[in-house]
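# Structural overview for review
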Amino acid sequence: MSTNIQDLREDYQQSHLLLADVNPCPVEQFNVWFEQAVAANIKEPNAMTLATANQSGRPSARIVLLKGVTENSFVFYTNYDSGKGRDLAQNPYAALVFNWLELEKQIRIEGEVRKLDRDASEAYFQSRPKGSQIGAWASPQSRIIPDRSVLEDKAKALKEEYLHEEQLPCPPHWGGFEVIPDRIEFWQGRSSRLHDRIAYALQVDGSWRIDRLAP
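### Brief notes about the pairing of strand β7 (residues 174–188)
Among the 15 residues of β7, 13 are classified as buried, and the element is accordingly described as predominantly covered. Across six bridges, strand β4 (residues 73–79) lies against β7 in antiparallel orientation. Its bridge partner lying in β7, Thr78 is registered against Gly175. In terms of strand pairing, strand β6 (residues 105–115) meets β7 through 11 bridges, oriented antiparallel. Pairing of Val113 across the sheet is with Val179, part of β7. For β7 and strand β8 (residues 196–202), the ladder comprises six bridges, and the chain directions are antiparallel. Residue pairing in the sheet places Gln188 in a bridge with Asp196 of β8.

### A look at the packing of aromatic side chains
Scanning the entire structure with this criterion turns up 15 aromatic pairs. Between Phe30 and Phe74, the ring centres sit 5.0 Å apart and the planes meet at 80°, which makes this aromatic pair edge-to-face. Remark: Phe74 occurs in strand β4 and Phe30 occurs in helix α1 (residues 26–39); sequence separation between them is 44 residues. No difference in accessibility class separates Phe30 from Phe74, as the two residues are buried. Judged by centre distance (5.6 Å) and plane angle (70°), the ring pair of Phe186 and Tyr200 falls under edge-to-face. Here the residue Phe186 occupies a position in strand β7, and Tyr200 occupies one in strand β8, the gap between them amounting to 14 residues. On the basis of relative accessible area, Phe186 is assigned to the buried category, the value being 0%.

Calculation notes
- Residues numbered from 1 in each chain as written.
- Predicted model: local features only at pLDDT ≥ 70, side-chain atom pairs only at ≥ 80, totals over all residues.
- Heavy atoms only, no water.
- Buried < 20%, exposed > 50% of the residue type's maximum accessible area, 1.4 Å probe, protein only.
- Helix = DSSP H or I, 4+ residues; strand = E, 2+ residues; numbered from the N terminus.
- Pairing = 2+ DSSP bridges.
- Phe/Tyr/Trp six-rings, centres within 6.5 Å; stacked < 30°, edge-to-face > 60°.

Set out below in structure tokens:
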């Protein structure tokens, strides 16, 4: 490798984050930062790392897309038989990370994960493009397949089967999860690695404790 990885570094100087700056509600603070990311034209600002662990504690992480924010949850959709779906069936807790380097910002979210009710999952599925609906049916997500033709042949068969239909039914093995946070941290890059970190921790009474963390 010709690149010296040890020499790769940036000095962050765009902004700062003070306790006096943040909203008392971490979800509202998330919304503020998310809108900043959208306004900055960041490609797929809703892309997030989703980390899960199986019942043995073995971790796994991948990028998924945030598809909804409620007053107390963050929503994404997937195949329930996928690797992440199997992990969450065994160990229903997860961590999310949003990393917007263009803004020198990062958000970490941790909490319990629950399946969305079936009506919500089906409603979202029907809002997706038909090609995405076909893809959800065609792919045995995370399973070993001999070659790509397995996917292409299945997708072709589904296109023919539903040629005259505008939508496909929602697969029974596909739907939404919501992450219900008990901890959210906002990170703002600062010069000389003296970054700002503001952490929210959910209390027993439902309130949020807000602390500054050392970088």
